[in-house]
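Structure at a glance
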Amino acid sequence: MSAPALVLFDLDGVLAHYDHAPRLRVLAERTGASERAVSAALFESGLEQEADLGLHDAQGHAKELARRLGAPVAIADLVASRAAAMTANAGMLAMAKQVARKARVAILTNNNLLLRDNLPVICPPLFPLFEQRVFCSAQFRLGKPDPKVFLLCLEALGTPPEACFFIDDKPENPEGARAAGLSAHHYLNDTLLRAELLQRGLLEERPDAP
């Protein structure tokens, strides 16, 4: 099995741990609204999904949340709340750095333009490893698992589908990647992923391995 030229990582649930509660708490603290009101305005109203599909840029995202919430919201508030909700997965990041010695690495996430453009501030440990190689559903106006989003991302990266290996924690997303011609892995834990990366020639055996 020849090693892929590109490894495409999902973000939340793979490269980073995501916790919804701190995001609501920070936005509530910064806007003076209740966490319940923030949740209703950002998520239950469909605003987050709209932003993830590219219907709002960063400024529009903040402006529309302010309108639906009935309270002032700045881009900095959205960035701070997302940063509070994310922690880099140290084990996965260490593997990604090892993989980067063998192949290019990039991110494809179902997320909005605000997150893409501010990810170095939101989750600094991911950089400089993924510098200039963070792609999101909003820029393509399509989300995973649609096979077309993988093809658009790979076009931007100048890589054919058969040369890419994709990793995601949601089972439907690797299925969509395979339908687009990529090889893919449903991420369950670091141990299983490490075994597959070794098999694909993307990692070297640990020095203490038998």
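1. Comments concerning the pairing of strand 6 (residues 164-168)
- Summarising burial for strand 6: five of the five residues are buried, a large majority.
- What you see with strand 6 is no split at all: C164, F166 and D168 on one side and F165 and I167 on the other are buried throughout.
- As defined by bridge partners, strand 1 (residues 6-9) adjoins strand 6 across four bridges and the pair is classed as parallel. Looking at strand 6, one finds that L8 is bridged to F166.
- Strand direction decides the pairing type here: strand 6 and strand 7 (residues 183-186), joined by four bridges, are parallel. Bridge pairing in strand 7 places F166 opposite A184.
- Crossover handedness for the path strand 6 to helix 10 (residues 172-179) to strand 7: right-handed.

2. Here's the deal with the packing of helix 1 (residues 20-31) against helix 2 (residues 35-44)
- Where helix 1 contacts helix 2, the two axes come as close as 9 Å, and the packing angle between them is 105 degrees. The angle between helix 1 and helix 2 falls in the class roughly perpendicular. Mapping the contact onto sequence places H20, R23, L24, R25, L27, A28 and T31 in helix 1 and E35, V38, S39, L42 and F43 in helix 2.
- Classifying every residue of the contact of helix 1 with helix 2 gives six nonpolar, three polar and three charged.

3. Examining the pattern of salt bridges
- Counted according to the given criterion, the structure contains twelve salt bridges.
- Measuring nitrogen to oxygen at the nearest pair gives 2.5 Å for the salt bridge that ties R67 to E64. Here R67 pairs with E64, and both are found in helix 4 (residues 58-69), just three residues apart, close to one helical turn.
- Residue classification places R67 among the exposed residues on the basis of a relative accessible area of 59%.
- Within this structure, E50, E64, R67 and R68 form a network of salt bridges that share partners.

4. What about the packing of aromatic side chains?
- Applying the stated rule across the entire model yields three aromatic pairs.
- Summarising the aromatic geometry, the rings of F9 and F130 are spaced 5.9 Å apart at their centres and angled 80 degrees between planes, so their arrangement reads as edge-to-face. Of this pair, F9 sits in strand 1 while F130 sits in the loop between helix 7 (113-122) and strand 5 (134-136), and the two are 121 residues apart along the sequence.
- Its relative accessible area of 1% is what places F9 among the buried residues.
- The class for F130 is buried, based on a relative accessible area of 0%.

5. Describing unusual backbone geometry
- With an omega of 15 degrees, the peptide bond between F127 and P128 qualifies as cis.
- Within the chain, Q132 stands out as a residue other than glycine whose phi angle is a positive 65 degrees.
- Q132 sits in the exposed class, given a relative accessible area of 70%.
- Residue R141 is not a glycine yet carries a positive backbone phi of 55 degrees.
- For R141, the position within the fold is in the loop between helix 8 (137-140) and helix 9 (147-157).
- In this structure R141 comes out as exposed when scored by relative accessible area, which is 54%.

Each value, and the rule that gives it
- Residues numbered from 1 in each chain as written.
- Predicted model: local features only at pLDDT ≥ 70, side-chain atom pairs only at ≥ 80, totals over all residues.
- Heavy atoms only, no water.
- Buried < 20%, exposed > 50% of the residue type's maximum accessible area, 1.4 Å probe, protein only.
- Helix = DSSP H or I, 4+ residues; strand = E, 2+ residues; numbered from the N terminus.
- Pairing = 2+ DSSP bridges.
- Right-handed = clockwise from strand over helix to strand, strands pointing away.
- Axes fitted to C-alpha atoms, helices over the stretch in contact; angles between N-to-C directions.
- Parallel < 35°, antiparallel > 145°, perpendicular 65-115°, else oblique.
- Contact = heavy atoms within 4.5 Å.
- Nonpolar A, V, L, I, M, F, W, Y, C, P; charged D, E, K, R; others polar.
- Salt bridge = Lys/Arg side-chain N within 4 Å of Asp/Glu carboxyl O.
- Phe/Tyr/Trp six-rings, centres within 6.5 Å; stacked < 30°, edge-to-face > 60°.

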